[in-house]
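# Examining the three-dimensional arrangement
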Amino acid sequence: GAVVSQHPSWVICKSGTSVKIECRSLDFQATTMFWYRQFPKQSLMLMATSNEGSKATYEQGVEKDKFLINHASLTLSTLTVTSAHPEDSSFYICSASDRGRRVEAFFGQGTRLTVV
Amino acid sequence: GENVEQHPSTLSVQEGDSAVIKCTYSDSASNYFPWYKQELGKRPQLIIDIRSNVGEKKDQRIAVTLNKTAKHFSLHITETQPEDSAVYFCAASPFGNEKLTFGTGTRLTIIP
């Protein structure tokens, strides 16, 4: 199947700093990628849809100025958590699909963010 | 928007027995229904999926059934094994749009 790589797999940062998470489709082009957040023992909640070459679409309740998404190429989307706070600590995970071949969504390995 | 409900939240099954997890969805436009298995701290792994033009799909010990009229779909795991222990999520999305709405998850424990 297609491969989606996410980096870093874990990060610890201080309150008030910013953290960038990368999501790459390694062997296919993804015009759309999705960013999810998962709190412990909870489900995956969609944060935003990342569209190549245009602005991301954010779900209700997600602050676009706090969670900056950039999708500058067909293989890379980034999520930047700005001015991080302890309540932003979570598991962030991206997904992408190779629309040219199949509809299945492939997930990155996730990023465990801890804000101290 | 879409709302997906999943039951039960936890399920313990004796090894060798069957496990059934059920989901309901609200948006009649949804026509793609995948099931994911997630182990602690890892990415969700697709285990089976079904599209709305099909009522049932089977892959070895795993099967999914879909009742589009009632807007519900179920995951069936037969001859369960300890390695089946994990959290399982159902999801729904409109075909051609990979925006997935996930259920709340079921923690499945297989008792040896």
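Residues numbered from 1 in each chain as written. Chains lettered and ligands numbered in written order. Predicted model: local features only at pLDDT ≥ 70, side-chain atom pairs only at ≥ 80, totals over all residues. Heavy atoms only, no water.

## Comments concerning the packing of aromatic side chains
In total, this model carries 12 aromatic pairs over all chains according to the counting rule given. Each member of the aromatic cluster is reached from another via a ring pair, and the members are Tyr36(A), Phe107(A), Tyr36(B), Phe89(B) and Phe102(B). Here the basic side chain of Lys66(A) rests over the ring of Phe67(A), its NZ or CZ set 5.9 Å away from the ring centre. (Phe/Tyr/Trp six-rings, centres within 6.5 Å; stacked < 30°, edge-to-face > 60°. Lys NZ or Arg CZ within 6 Å of the ring centre and 35° of its normal.)

## A short note on the layout of surface pockets
Computed from the structure, the largest pocket encloses a volume of approximately 550 Å³. Lining the largest pocket are 27 residues; nearest its centre among them are Met45(A), Leu46(A), Glu59(A), Glu2(B) and Thr101(B). When residues of the lining of the largest pocket are traced back to their parent elements, those giving at least two are strand 5 (44-51) of chain A together with strand 10 (101-102) of chain B. With four residues, the single largest contributor to the lining of the largest pocket is strand 5 of chain A. Roughly 460 Å³ of internal volume is contained in the second largest pocket. Gln38(A), Lys41(A), Gln42(A), Val87(B) and Arg107(B) are the residues nearest the centre of the second largest pocket, which is lined by 22 residues in total. (1 Å grid on protein atoms, 1.4 Å probe; cavity = no way out; pocket = protein on both sides within 12 Å on 5 of 7 lines; lining within 4 Å. Points joined across faces, edges and corners; volume = space filled by probe spheres on them. Helix = DSSP H or I, 4+ residues; strand = E, 2+ residues; numbered from the N terminus.)

## Quick notes on the state of the cysteines
Counted by the stated rule, this structure contains two disulfides over all chains. Linked covalently through their sulfurs, Cys23(A) and Cys94(A) form a disulfide whose S-S length is 2.0 Å. The sign of the 85° torsion about the S-S bond sets the Cys23(A)-Cys94(A) disulfide as right-handed. Residue Cys23(A) is found in strand 3 (residues 19-25), and its partner Cys94(A) is found in strand 9 (residues 90-96); the two are separated by 71 residues along the sequence. The pair formed by Cys23(A) and Cys94(A) is uniform in burial state, with each residue classed as buried. In this model, Cys23(B) is linked to Cys90(B) through a disulfide, with the two sulfur atoms separated by 1.9 Å. Handedness here is read from the sign of the S-S torsion; for Cys23(B) and Cys90(B), about -100°, the answer is left-handed. Within this pair, whereas Cys23(B) is found in strand 3 (residues 19-25), its partner Cys90(B) is found in strand 9 (residues 86-92), the two being separated by 67 residues in sequence. With respect to class, Cys23(B) is no different from Cys90(B); both count as buried. (Disulfide = S-S within 2.5 Å. Buried < 20%, exposed > 50% of the residue type's maximum accessible area, 1.4 Å probe, protein only.)

## Structural notes on the side chain of His71(A)
Residue and element names in this part refer to chain A. Residue placement: histidine 71 occurs in strand 7 (residues 67-73). The class for histidine 71 is buried, based on a relative accessible area of 4%. Within the structure, the side chain of histidine 71 is placed 3.1 Å from the backbone oxygen of alanine 30, a separation counted as a polar contact. In this structure the side chain of histidine 71 is engaged in a polar contact, spanning 2.7 Å, whose partner is the side chain of serine 50. Among residues more than four places away in sequence, those in contact with histidine 71 are Ala30, Thr31, Thr32, Met33, Ser50, Asn51, Glu52, Gly53, Leu76 and Ser77. (Polar contact = N/O pair within 3.5 Å; in protein donor to acceptor, adjacent residues only side chain to side chain. Contact = heavy atoms within 4.5 Å.)

## Quick look at the interface of chain B and chain A
Every contact between the two is made by 20 residues of chain B and, on the other side, 21 residues of chain A. Carbon and sulfur atoms make up 58% of the surface buried where chain B meets chain A, a total of about 1,700 Å² over both sides. Looking at the side of chain B facing chain A, the largest losses of area belong to Arg43(B), Glu98(B) and Lys99(B), adding up to 38% of the total buried there. Linking chain B with chain A are one salt bridge. In this structure, Lys99(B) engages Glu59(A) in a salt bridge whose closest nitrogen and oxygen atoms are separated by 3.1 Å. Elements represented by at least two residues in the side of chain B that touches chain A include exactly strand 4 (32-38) and strand 5 (45-51) of chain B. (Buried area = accessible area lost by both parts, 1.4 Å probe. Salt bridge = Lys/Arg side-chain N within 4 Å of Asp/Glu carboxyl O.)

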